Amino acid sequence: MKFDTPATRNPIDQLKVVGKPLDRIDGPLKTTGTAPYAYEQHEAVPNAAYGHVIGAGIAKGSIMSMDLDAARKAPGVLAIVTAANAGKLTKGDFNTAKLLGGPAIQHYHQAVALVVAETFEQARAAAGLVRIRYDRTGGAFDLTEAKKSAVISEREQPDIAVGDFAGAFASAPVQLDATYTTPDQSHAMMEPHASIAAWDGDKLTLWTSNQMIAWGRGDVAKTLGIPKENVRLVSPFIGGGFGGKLFVRSDAALAALGARAAGRPVKVALPRPLIANNTTHRPATIQRIRIGAAKDGTITAIGHESWSGDLPGGGLENAVQQTRLLYAGANRMIRARLATLDLPEANAMRAPGEAPGLMALEIAMDEMADKLGMDPVEFRIRNDTQVDPEKPERPFSQRQLVQCLRTGAERFGWSKRNAKHGSVRDGRWLVGMGMAAGFRNNLTMKSGARVRLGADGKVTVETDMTDIGTGTYTIIGQTAAEMMGVPLDKVVVRLGDSDFPVAAGSGGQWGANSSTAGVYAACMKLRQVVAAKLGFDPEKAAFADGKVSVDGRSVSLAKAAESGEVVVEDSIEFGDLAKKFQQSTFAAHFVEVGVDIATGESRIRRMLAVCAAGRILNPKQARSQVIGAMTMGIGGALSEELAVDKRLGFFVNHDLAGYEVAVHADVPHQEVIFLDEADDKSSPMKAKGVGELGLCGVSAAIANAIHNATGIRVREYPITLDKLLPHLPEMG
Ligand code: MOS
């Protein structure tokens, strides 16, 4: 089915099942510990041996020699895979560095060997006996240095110039010119990267933890040099990904190689301390923002430049993209630059681009409001736009940013905020409120599904779409239930298997809208086939309560499958509505913080998010997405930073003791409001996405609240107490 004209009324609009805050249908499996995650496919693969990955001890250079003798003789060892014995390996389309390094080493902890043994302990012990001599060469590890030779990446972000930015900025009565930094961040998902590989002749099955099954299948085939048809990926449950599992990593490639070498299935999980440097991360940025405005707060010039780094052949963190669309302003300048760094591979992490981009832009907007003496909510409303500021003939499909801001201000009690910074005390706490706008584009991806109607009246959906903890099982079940007129418990959902039709996958917050739209398309086809089988006019048939009816005549849905299961397949393809209409999602974030006047410790006291993101398919799952994202925003504001060793080129704090994510004790009362929307340009579901939007703007709102509490403006994330302490007032 092609979606290229705005959606009209369709069966989803009944909202009998879709739009309800239903519990996860996979909840019982997860809460009883019986959902089989990649490393736990004991039933499918009862006899797996264990692989232990060895990561390179240098960031750049080459392996001079590897002494495997002692490891080979160690108890239980079955095989050792290295680049020297693995055969020809090719870099996958979605990887920047090779998944098995050697002799050349491209980054620290790049995998250089897999030791396979009967038990996990034997594999790990033997790995400790491998002796590697390296020739270490220098590399570029400091973004501030590398920035000087950074280049444009035309493909990712061409320079944008609208009007006369330099002239308008120079003549603006109120100006801001400030530079902000965001650090390298790690996805830090709960479930580590893990895979089990089993060969049957030349056919490979990989149970793996992966967000994008079709991409992964292609990359595994390319890496190993085997046909795609010979690779099956199975990923039914995923314990978080946040972009770190968009692409297959060394666990998958090495499990496959290890299983081939050992002649039996092999399971590999990346140990936590290997993940930060072996896999991908969100790269650090340096961002310069210039805003010029008239005295009444109208922005006349807006300029955003961003620098980030990656390995040769890598990509940039597009931190400027939201600035192209979020605020009006006649004169605009947008530039992103990519530096070459020899740090581990940079790539997407939840809301790539917008998350760090808004961390900077939304502090800048707060600073500008201060300079203007305007309320920061009113300043943003003053500069709202209903059209693409670069192409005024192109409207937003739907844009309720102003409504988000007003609703949020009202519900949070923003009017009680004291605009005089550093003036509210509660015992030892300096108390402040801050806010920020949130913005994330709404992307869509072709998505397919197969639906089966059984003689028992059950509807089964099969698609390679994944559920990374987002609630995909449930919203896909809800979609099929709504379309076929059956209760949710009559729907069976099967996900994450490359034997199923290719779906959008979980990325870029496109998963929920695109994958359910694919199920919508397949169900539309099933309705037609069913109606025809039952002798109804497909155009007139109503599907409700397990029955198909036309003009008072009703037949049970199951009857259509009496003489055999009915199976259809279709996909949704998106036309050019996204070109004609800018499709985005919007939020307003409000935060109250307390900063300890003596220690500089910041504690979040309350948080509110108001989101406008099209139809909300399941408010309970969507809320979970947003409160999780708000929690990630706390980490981003206050603690998360991969510390770079600039001499040796690696992330020093590569475990969860040193890389500090927000924990329960850091998270206060969180409230989430969804505006009532249905976007007919986004898909037949009229939905968008919230999983990334929920993070966009959160950290800046916290930074702004800290400024309101203390009067101290920190422009370098994370806002740790050492950055506040020297500036805090004397205790009094
Ligand atoms: Mo997302 S960073 O595209 O998983």
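Residues numbered from 1 in each chain as written. Predicted model: local features only at pLDDT ≥ 70, side-chain atom pairs only at ≥ 80, totals over all residues. Heavy atoms only, no water.

### Remarks on the overall build of the protein chain
Phase 1: In terms of regular secondary structure, the protein chain is built from 17 helices and 33 strands.
Phase 2: A compact globule built from 732 residues should have a C-alpha radius of gyration of about 27 Å, and the protein chain, at 27 Å, falls within 12% of that.
Phase 3: For the protein chain, the spread of C-alpha atoms along the three principal axes comes to 80 × 75 × 50 Å.
Phase 4: Here the protein chain, with 732 residues, has 61% of them falling under the buried criterion.
Phase 5: Counted over contacts in the protein chain with a minimum sequence separation of 6, partners at least 24 positions apart contribute 81%. (Helix = DSSP H or I, 4+ residues; strand = E, 2+ residues; numbered from the N terminus. Rg over C-alpha atoms; globule rule 2.2 N^0.38 Å. Buried < 20%, exposed > 50% of the residue type's maximum accessible area, 1.4 Å probe, protein only. Contact = heavy atoms within 4.5 Å.)

### Things to note about the domain arrangement of the protein chain
By a widespread convention, an interface's size corresponds to the accessible area lost as its parts come together.
Phase 1: For the protein chain, the assigned domains read domain 1 (2–35 + 444–576) and domain 2 (353–442 + 583–727).
Phase 2: The C-alpha-based centres of domain 1 and domain 2 are spaced at 35 Å.
Phase 3: Residue-level contacts link 33 residues of domain 1 with 27 residues of domain 2.
Phase 4: Carbon and sulfur atoms supply 52% of the area buried between domain 1 and domain 2, which totals about 2200 Å² over both sides.
Phase 5: For domain 1, the biggest contributors to the area lost against domain 2 are Phe3, Gln509 and Asn513; these three give 29% of the whole. (Domains from an automatic or database assignment. Buried area = accessible area lost by both parts, 1.4 Å probe.)

### A few points about helix α7 (residues 250–262)
Phase 1: The terminal C-alpha atoms of α7 lie 17 Å apart, and with 13 residues this matches the ideal 18 Å at 1.5 Å per residue to within 8%.
Phase 2: Counting buried residues along α7, ten of its 13 residues qualify, which places the element largely inside the surrounding structure.
Phase 3: Burial in α7 covers these residues: Ser250, Asp251, Ala252, Ala253, Leu254, Ala255, Ala256, Leu257, Gly258 and Ala259.
Phase 4: Two residues or fewer past α7, Gly263 is found with a positive phi of approximately 70 degrees. (Expected span 1.5 Å × (residues − 1).)

### Examining the nonpolar core
Phase 1: With 91 residues, the main nonpolar core has Ile291, Phe590, Val593 and Ile702 as its most contacted residues.
Phase 2: Ranked by the residues each element gives to this core, the list is headed by helix α9 (residues 354–372), at eleven residues.
Phase 3: Contact partners of Ile702, with chain neighbours within four places excluded, come to Val591, Val593, Ile604, Met607, Gly633, Ile634, Ala637 and Leu638. (Core = buried A, V, L, I, M, F, W, Y, C linked by side-chain atoms within 4.5 Å.)

### Focus: the pattern of salt bridges
Phase 1: Tallying each qualifying case throughout the model produces 45 salt bridges.
Phase 2: Measuring nitrogen to oxygen at the nearest pair gives 3.4 Å for the salt bridge that ties Arg713 to Asp370. Here Arg713 is found in the loop between α16 (698–710) and α17 (721–724), whereas its partner Asp370 is found in helix α9, with 343 residues between them in sequence.
Phase 3: We classify Arg713 as buried; its relative accessible area is 17%.
Phase 4: Through salt bridges that share partners, Arg450, Arg452, Glu462, Arg494, Glu565 and Glu569 make up one connected network. (Salt bridge = Lys/Arg side-chain N within 4 Å of Asp/Glu carboxyl O.)

### Points about the packing of α9 against α16
Phase 1: Look at α9 against α16: their axes get within 8 Å of each other, and the N-to-C directions meet at 35 degrees. The crossing of α9 and α16 is right-handed. The segment α9 lies against α16, with Leu358, Met359, Glu362, Ile363, Asp366 and Asp370 engaging Ser699, Ala700, Ala703, Asn704 and His707. (Axes fitted to C-alpha atoms, helices over the stretch in contact; angles between N-to-C directions. Left-handed = near helix turned anticlockwise from the far one by under 90°.)

### A short note on the side chain of His107
Phase 1: Here His107 shows up in the loop between β5 (104–105) and β6 (111–117).
Phase 2: From its side chain, His107 meets the backbone oxygen of Asn277 in a polar contact 3.2 Å long.
Phase 3: When residues no more than four places from it in sequence are discounted, the contact partners of His107 are Ala56, Ile58, Ala59, Ala97, Asn277, Asn278, Leu311, Asp342, Leu343 and Pro344. (Polar contact = N/O pair within 3.5 Å; in protein donor to acceptor, adjacent residues only side chain to side chain.)

### Some points on the sheet that holds strand β2 (residues 49–55)
Phase 1: The seven strands are arranged β4-β6-β2-β14-β11-β12-β13 in an open sheet whose pairing can be described as mixed. What marks the edges here is a single partner per strand, and that holds for β4 (77–82) and β13 (231–234). The average angle at which neighbouring strand axes cross in this sheet is 20 degrees, direction not considered.
Phase 2: Pairing geometry for strand β11 (residues 194–200) and strand β12 (residues 203–208), over six bridges, is antiparallel. Looking at β12, one finds that Asp200 is bridged to Lys203. (Pairing = 2+ DSSP bridges.)

### Details of the packing of helix α12 (residues 472–484) against helix α13 (residues 511–533)
Phase 1: Two elements in contact, α12 and α13, have axes whose closest approach is 9 Å; the angle formed by their N-to-C orientations is 30 degrees. Taken as axis vectors, α12 and α13 run roughly parallel relative to one another. In the packing of α12 onto α13, the handedness of the crossing is right-handed. Contacts between α12 and α13 pair Thr472, Ile475, Ile476, Thr479, Ala480, Met483 and Met484 from the former with Ala512, Ser515, Thr516, Val519, Tyr520, Cys523, Met524, Leu526 and Arg527 from the latter.
Phase 2: Within the contact of α12 with α13, the residues separate by chemical class into eleven nonpolar, four polar and one charged. (Parallel < 35°, antiparallel > 145°, perpendicular 65-115°, else oblique. Nonpolar A, V, L, I, M, F, W, Y, C, P; charged D, E, K, R; others polar.)

### What to know about the sheet that holds strand β1 (residues 2–3)
Phase 1: Pairing is mixed in the open sheet, where five strands are placed in the order β1-β28-β22-β23-β24. Two strands bound the open sheet, and with one partner strand each, they are β1 and β24 (491–494).
Phase 2: Relative to β24, α12 is tilted by about 140 degrees, and along the sheet it contacts β23 (459–462) and β24.
Phase 3: Sheet contacts for α13: β22 (447–453), β23 and β28 (566–574); angle to β28, the most-contacted strand, approximately 140 degrees.

### Re the environment of Thr280
Phase 1: Secondary-structure assignment places Thr280 in the loop between α8 (272–278) and β15 (285–293).
Phase 2: Distance from Thr280 to Val529, taken between C-alpha atoms, is 45 Å for residues 249 residues apart in sequence.
Phase 3: Sequence-distant contacts of Thr280, defined by excluding residues within four places in its chain, comprise His187, Gly244, Arg249, Glu345 and Asn347.

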